[in-house]
Amino acid sequence: MSECTFIIIGATGDLTRRKLLPAIYRLITHKKLEKFIIVGAALEATTIGQILDSAKEFIEGDIDPVIWQKIVDNSYYQSLNVTVPADFVLLDKVVEGLEKKHGMTGNRLVYLAVSASFFCEVTLQLAASGVVKKLATNEPMWHRIVYEKPFGRDAQSAHEINECIAASLYEHQAYRIDHYLTKELVSNIALIRFTNCVFEPLWNNRYIDSVQIILSETVGVGKRGGYYDAYGALRDVVQNHMLELLAIIAMEAPEKLTGDFIRNERVKALQKVRVVDAIAGQYEGYTQEEWVPKDSTTETFAALFLMIDNPRWAGVPFYLKTGKFLDKKETVIHIKFKQVDCLLTKYCPSESNYLTIRLAPDESFILTLNAKKPGTSQELMPMSMQYCHSCIFGAEKFSGYETLIEEIMRGEQSVSVRCDEIEAAWRVIDTAKQKEVPLSSYTPGSSGPEAAELFAKKHGMRWR
Ligand code: BG6
């Protein structure tokens, strides 16, 4: 039976009402969580009733009153100042008492919905107070801590948090999460790649010309200006989501498609990444956004040219592009294959083939090939073979949090980024930051700064 004590540190924040509580509700609805208690902890003087009520509007559809009552009956609030050790000792007592009262076996999932600057201290306090005990995998119960992104702000700070974790817990108890890793199509990439004989033999520098990973958004920073300005596009989405996509595309075949086998390969790929070129942009009007300093030089747009220095990928450029307030919302990976020797008498060279992995919107895998244009003798036209995931199974309606919590309860580590992996990804960002590229401005709703086109020209590529 799936059973868990959820302890949410920073329970009064947006994450709890928008993502965590709706995800817990859905897990119960889908019978993936049968026995639970929720203990929210934060500094504010509030009640669990208020926190639960604020989550209601983020639950899709009509709320089942029976399930909701169960949540109300099993949820508690404990005030906690993360800088006061005695508060953690008290939290442990409270949780122990509640676990006894509800007949729980003591599986604990502690969710850190606090700023990364507290991760280290909170980890140490959770361990010292016994809220999270150092438990080996063969113990009858488990204690796990979930770290929301951003995990640090550079390789050094990530390393310091990792040291705090290593000093108090086993690595298997730490979940540095990235919601991209739970996206249905992202977990499908490795499966499609490694279970179909038609891809793996071509998956190297002999046949692949280049790779583009694009994460483009139509929204600006909205109410998140304070957070965003301290991080910027490179730290907000490239360090985690985009480099994880790159790692999954680039990794060698893992021994098995699970947990540490996958992470072993993802980290090896990331450790070989070299930054060749970078550009940065900021949308016009960004410095007028709420909480953003008027003289901010934070990038809301970034493009990178990366190489992976290993035998499989030597010479294959990986281009990454992301931005807020662009002309379209899409997350997509384009794998461009090399051109074949053209045997036609005209219309040469023929177009390259592409494998496009569309994560959003319209989740799908699309293979673009050449075919004869009907009624002509040799003229070619592009033809697409598409596996439209969203047409068959519907678009992914929910954030990945339901899957995420389910996988963490199961102890599946592939949804979590390992200590060495996260540091390797941060090193890529640190190097890109050192390039100190000029910040170009761009019009909201456009395709980005002109610098992105100059960048394309310079590297003889074309953004798709
Ligand atoms: C988050 C970033 O991690 O990812 C946001 O903080 C970004 O700025 C979001 O908008 C993108 O995620 P998705 O799932 O909407 O592509």
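Quick notes on helix 7 (residues 184–195)
At step 1: Its 12 residues place the ends of helix 7 16 Å apart at the C-alpha level, agreeing with the 16 Å of an ideal helix rising 1.5 Å per residue.
At step 2: Within the span of helix 7, buried status applies to L185, V186, N188, I189, A190, I192 and R193.
At step 3: Check the buried side of helix 7 and you find it contacts helix 8 (225–250), strand 11 (330–337), strand 12 (354–360), strand 13 (364–372), strand 14 (380–388) and helix 10 (389–393).

A look at unusual backbone geometry
At step 1: Looking along the chain, the bond that leaves K149 and enters P150 is cis, with omega of -5°.
At step 2: Position of P150 among the secondary structure elements: in the loop between strand 5 (143–147) and helix 6 (155–168).
At step 3: Following A360, the chain continues into P361 via a peptide bond in cis, with omega recorded as -15°.
At step 4: In this structure, P361 sits in the loop between strand 12 and strand 13.

So, the site of the ligand
At step 1: Surveying the vicinity of the ligand reveals the residues K149, H179, Y180, K183, E217, R224, D236, V237, H241, K324 and K329.
At step 2: One of the side-chain nitrogen or oxygen atoms of K183 is found 2.7 Å away from an oxygen atom of the ligand.
At step 3: Between K329 and the ligand, the recorded distance is 3.3 Å, taken from a side-chain N or O atom to an oxygen atom.
At step 4: Across the complex, the protein chains shield 80% of the 400 Å² of accessible surface that the ligand would expose by itself.
At step 5: The residue inventory of the shell around the ligand, partitioned by class, reads 2 nonpolar, 2 polar and 7 charged.

Analysis parameters
Residues numbered from 1 in each chain as written. Predicted model: local features only at pLDDT ≥ 70, side-chain atom pairs only at ≥ 80, totals over all residues. Heavy atoms only, no water. Helix = DSSP H or I, 4+ residues; strand = E, 2+ residues; numbered from the N terminus. Expected span 1.5 Å × (residues − 1). Buried < 20%, exposed > 50% of the residue type's maximum accessible area, 1.4 Å probe, protein only. Contact = heavy atoms within 4.5 Å. Near = heavy atom within 4 Å. Polar contact = N/O pair within 3.5 Å; in protein donor to acceptor, adjacent residues only side chain to side chain. Areas by Shrake-Rupley, 256 points an atom, 1.4 Å probe, with all protein chains shown as cover. Nonpolar A, V, L, I, M, F, W, Y, C, P; charged D, E, K, R; others polar.

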